[in-house]
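Each chain is listed here by its residues.
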Amino acid sequence: MGHTHRTHLDAPGMRFGIVGLASRYWPAAFARAAGQIRGVELRAAADLGRTPTEMRATLGMDAAAFAERFGVRLYRDAAEMIANEGLDAAFVCAEPTAQADLVELACRAGVHVYIAKPLATTLADADRIVRAVREAGVVASTGNTERFDGALREAHRVVRSGAIGDLLMVRTLHQHGSIDGFGPDDWYRRPEQGGPELSLLWYVADVLSWFVGAPVARVYAEYDNFATPGSPFMDNGKAIFRFANRVLGSFDIYFAVRGFQMPRWEIELVGTRGALRTQQSSYEGTLFTADGPRSFYRNQNDAVLAEVQHWVDCCREGNEPEVAVEHARNVIEIALACRRSNEQHRPVELPLDRTED
């Protein structure tokens, strides 16, 4: 995209840290991935002053236990950690409403950043992150595990090769368990942090945009609380997207799956010369054309490791990540448009009219 990034090509290794240990999943997931990537040294983590009780309510352990498990030094203050450890890069894993401040802090220090999803809960904060990254010239991205799932990546390659002709329709789903996985004191239960409206819409809006390769022009969304009456927000949802290139897309979100298992994500695409769908229950994709059905990609990969490896490679080489911050900002806008559509019971045009906020 023409951006100039600070690189570390001559360094024998890169020093990484974790800013924030508030997330139930991402700090440990990023720490495990970092431990498997050659040339990455995970040095430290900053708990940002969280109490042991707060940590156990979200991360499932206190900061000391996290530091011992992953062999990192523990800090309270992120700026002190970055300076003392001479960090090259950091994983930002705070509550979504706090992440813009922390990304700005890291960018001022010239540190590459990988931001836990959703990177923000408002367009204003998302715009702040874009500005901070571009002004600092660092390599920044944010996680989307679905697009690094091997079957979906192979499906994307097959579609881009023209195997199904011109794309007409696309449908995807994301299943994320239920609110039962989050304790009563978990920040995820606070509506101001976005809840599934942002954290789950993040996945499906990105995957649809990735396959279609065009901006979303209009959305219509409906979601409701069907099976988890104690939840402060929706547990299932559907939406229809009209893309600028006339392709139609739709998604299904399931956040009420209790006591049984079903696929985490799948996708189906129909084109002018064929169709394609993945089926995660058997970890395979199927291409349907005039030559008959053909299966592809029967293995399940470590998608989190793949997405972190991609960002680390970009940091080393100074390349633009696949999920650039501008794209991430646009996905947040799509998610907010879906929220507005559901609240107003009408289709919503994009870009959003900011005067309605």
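Note that the structure is a prediction, hence the values are computed from the model and not measured.

Asks: I'd love a proper account of the packing of aromatic side chains, names of residues and values included.
Replies: For the structure shown, the criterion picks out 18 aromatic pairs. Measuring from centroid to centroid gives 4.8 Å for Tyr25 and Trp26, while their planes differ by 80°, and the two rings are edge-to-face. On the basis of relative accessible area, Trp26 is assigned to the buried category, the value being 6%. Between Tyr188 and Phe233 the ring centres are 6.0 Å apart and the planes differ by 85°, which places this aromatic pair in the edge-to-face class. Pair noted here: Tyr188 is in the loop between β7 (167-175) and α8 (195-199) and Phe233 is in the loop between β8 (216-224) and β9 (236-243), with a separation of 45 residues, a long-range link. Grouping residues by exposure puts Tyr188 and Phe233 together as buried. Of the aromatic side chains, those joined through ring pairs into one cluster are Phe16, Tyr25, Trp26, Phe30, Phe91, Tyr114 and Trp311.

Asks: Can you break down the pairing of strand β1 (residues 14-19) residue by residue, with the values?
Replies: Summarising burial for β1: five of the six residues are buried, a large majority. Two elements, β1 and strand β2 (residues 40-46), share six bridges in a ladder whose sense is parallel. Residue pairing in the sheet places Ile18 in a bridge with Ala45 of β2. Bridging between β1 and strand β4 (residues 89-92) involves four bridges; their strand directions are parallel. Bridging from a neighbouring strand, Gly17 pairs with Ala90 of β4.

Asks: Account for the pattern of salt bridges, with residues named and values stated.
Replies: Applying the stated criterion to the full structure yields 27 salt bridges. Linking Arg24 and Asp186 is a salt bridge whose minimum nitrogen-to-oxygen distance equals 3.0 Å. Taken together, the residues Arg24 in the loop between β1 and α1 (26-34) and Asp186 in the loop between β7 and α8 connect sequence positions 162 residues apart. For Arg43, the salt bridge identified is with Glu85, shortest N-O distance 3.1 Å.

Asks: An account of a nonpolar patch on the surface is needed here, citing residue identities and associated values.
Replies: A cluster of nonpolar side chains, Leu168, Met169, Leu248 and Val270, forms an exposed patch at the surface whose accessible area comes to about 300 Å². Looking at where Leu248 falls in the secondary structure, it is placed in strand β10 (residues 248-254). Exposure remark for Leu248: the relative accessible area of 31% places this residue in the partly exposed category.

Asks: Tell me what's going on with the packing of helix α7 (residues 150-160) against helix α9 (residues 201-212), and back it up with residues and numbers.
Replies: Interaxial distance between α7 and α9 falls to 10 Å at its minimum, and their mutual angle equals 30°. Comparing their axes, α9 and α7 come out roughly parallel. Facing α7, whose interface residues are Leu152, Arg153, Ala155, His156, Val159 and Arg160, α9 presents Val207, Trp210, Phe211 and Val212. Tallied by class, residues from the contact of α7 with α9 come to seven nonpolar, one polar and two charged.

Asks: Describe the pairing of strand β13 (residues 284-289), with residues and values.
Replies: Where strand β12 (residues 275-279) meets β13, five bridges bridge the pair, whose relative direction is antiparallel. By the bridge assignment for β13, Leu276 is matched with Leu287. Counting the residues in the hairpin turn of β12 and β13 gives four residues, including Tyr283, whose phi is positive at 50°. Note that β13 and strand β14 (residues 292-296) share five bridges and pair antiparallel. The residue bridging Phe288 from the neighbouring strand is Pro293, located in β14. If you look at the hairpin formed by β13 and β14, you'll find two residues sitting between the two strands.

Asks: Can you break down the layout of surface pockets residue by residue, with the values?
Replies: Counted as a void, the largest pocket has a volume near 790 Å³. The wall of the largest pocket is formed by 35 residues, among which Tyr25, Gln175, His176, Tyr203 and Arg264 lie closest to the centre. Going through the elements one at a time, α8 and α10 (303-317) are the ones with two or more residues in the lining of the largest pocket. Partitioned by chemical class, the residues of the lining of the largest pocket number 16 nonpolar, 15 polar and four charged.

Asks: Account for the packing of helix α5 (residues 99-108) against helix α6 (residues 123-136), naming residues and giving values.
Replies: Two elements in contact, α5 and α6, have axes whose closest approach is 9 Å; the angle formed by their N-to-C orientations is 5°. Here α6 runs roughly parallel to α5, going by the angle between their axes. On α6, the residues touching Ala100, Asp101, Val103, Glu104 and Cys107 of α5 are Asp125, Arg128, Ile129, Ala132, Val133 and Ala136. Considered class by class, the residues forming the contact of α5 with α6 number seven nonpolar, no polar and four charged.

Asks: Provide a residue-level description of the environment of Arg56, including the pertinent values.
Replies: By secondary structure assignment, the location of Arg56 is in helix α2 (residues 52-58). As a C-alpha pair, Arg56 and Asp186 span 130 residues in sequence and 9.2 Å in three-dimensional space.

Conventions and cut-offs
Residues numbered from 1 in each chain as written. Predicted model: local features only at pLDDT ≥ 70, side-chain atom pairs only at ≥ 80, totals over all residues. Heavy atoms only, no water. Phe/Tyr/Trp six-rings, centres within 6.5 Å; stacked < 30°, edge-to-face > 60°. Buried < 20%, exposed > 50% of the residue type's maximum accessible area, 1.4 Å probe, protein only. Helix = DSSP H or I, 4+ residues; strand = E, 2+ residues; numbered from the N terminus. Pairing = 2+ DSSP bridges. Salt bridge = Lys/Arg side-chain N within 4 Å of Asp/Glu carboxyl O. Patch = residues over 30% accessible without salt bridge, like charges linked within 9 Å, V, L, I, M, F, W, Y side chains within 5 Å. Areas by Shrake-Rupley, 256 points an atom, 1.4 Å probe, with all protein chains shown as cover. Axes fitted to C-alpha atoms, helices over the stretch in contact; angles between N-to-C directions. Parallel < 35°, antiparallel > 145°, perpendicular 65-115°, else oblique. Contact = heavy atoms within 4.5 Å. Nonpolar A, V, L, I, M, F, W, Y, C, P; charged D, E, K, R; others polar. 1 Å grid on protein atoms, 1.4 Å probe; cavity = no way out; pocket = protein on both sides within 12 Å on 5 of 7 lines; lining within 4 Å. Points joined across faces, edges and corners; volume = space filled by probe spheres on them.

These values are about where atoms sit, not about what they do.
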